[in-house]
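# Observations on the model geometry
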Amino acid sequence: MTLAQQLLRSRTSIGANVEDAQAAQSKADFISKLMIALKESRETRYWLRLLIASEIVPQERISQLQTEAEELTKILGAIIISTKSSTKPLQFLIFNFQFLIPKRRGGDSNSRRF
């Protein structure tokens, strides 16, 4: 697999696992799916660093992606920590979690959804 393919796989896996977490059957299932998304987010950061180090892509072209990956990693980590310490029911957690996911704006090709 090429670096670009690895990056695409890890980056799209984040969104798939976040989507899966929204259909969780239990709090443990919710946390588990978000933990997988967090790991994929960290892996995405790794592939971005590798693309820069190998000089395949200039850092200027990747810096925005690096920033987004870093922010997403922090958001996922914070959600996991707060969910673990919360005594609220799963449905409440999922409902509030959905507001953190950016909605894709129609016609805006620059907006991203992980």
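Below or above, wherever it landed, is the structure these notes cover.

What counts, and where the lines are drawn
Residues numbered from 1 in each chain as written. Predicted model: local features only at pLDDT ≥ 70, side-chain atom pairs only at ≥ 80, totals over all residues. Heavy atoms only, no water. Phe/Tyr/Trp six-rings, centres within 6.5 Å; stacked < 30°, edge-to-face > 60°. Buried < 20%, exposed > 50% of the residue type's maximum accessible area, 1.4 Å probe, protein only. Core = buried A, V, L, I, M, F, W, Y, C linked by side-chain atoms within 4.5 Å. Helix = DSSP H or I, 4+ residues; strand = E, 2+ residues; numbered from the N terminus. Salt bridge = Lys/Arg side-chain N within 4 Å of Asp/Glu carboxyl O. Axes fitted to C-alpha atoms, helices over the stretch in contact; angles between N-to-C directions. Parallel < 35°, antiparallel > 145°, perpendicular 65-115°, else oblique. Left-handed = near helix turned anticlockwise from the far one by under 90°. Nonpolar A, V, L, I, M, F, W, Y, C, P; charged D, E, K, R; others polar.

A word on the packing of aromatic side chains. For the coordinates displayed, the defined rule picks out one aromatic pair. Summarising the aromatic geometry, the rings of Tyr 46 and Trp 47 are spaced 4.9 Å apart at their centres and angled 65° between planes, so their arrangement reads as edge-to-face. Look at Trp 47 and you get buried, because its relative accessible area is 13%.

What follows covers the nonpolar core. Counting 14 residues, the largest nonpolar core has Ile 14, Val 18, Phe 30, Leu 34, Ala 37, Leu 76 and Ile 80 as its most contacted members. Only helix 1 (3-21), helix 2 (27-53) and helix 3 (59-85) provide two or more residues apiece to this core. Within the second largest apolar cluster, eight residues are counted, among which are Leu 7, Leu 51, Val 57 and Ala 69.

A few words now on the pattern of salt bridges. This structure, assessed with the given rule, holds five salt bridges. Note that Arg 9 and Glu 40 form a salt bridge whose closest N and O atoms lie 3.2 Å from each other. A residue pair is termed long-range when its members are at least 10 positions apart, and Arg 9 in helix 1 and Glu 40 in helix 2 qualify at 31 residues. Taking the relative accessible area as the measure of exposure, Arg 9 reaches 32% and is therefore partly exposed. Arg 11 is paired through a salt bridge with Glu 68; the nearest N and O atoms lie 3.2 Å apart. Here the residue Arg 11 occupies a position in helix 1, and Glu 68 occupies one in helix 3, the gap between them amounting to 57 residues. Each member of the salt-bridge network shares a partner with another, and the members are Arg 9, Glu 40 and Glu 43.

Turning our eyes to something else, we now look at the packing of helix 2 against helix 3. Helix 3 packs onto helix 2 with a crossing angle of 160° between their chain directions and a minimal axis gap of 9 Å. Taken together, the axes of helix 2 and helix 3 lie roughly antiparallel to each other. Where helix 2 crosses over helix 3, the two elements pack in a sense that is left-handed. Of the residues assigned to the contact of helix 2 with helix 3, the class counts are 16 nonpolar, seven polar and six charged.

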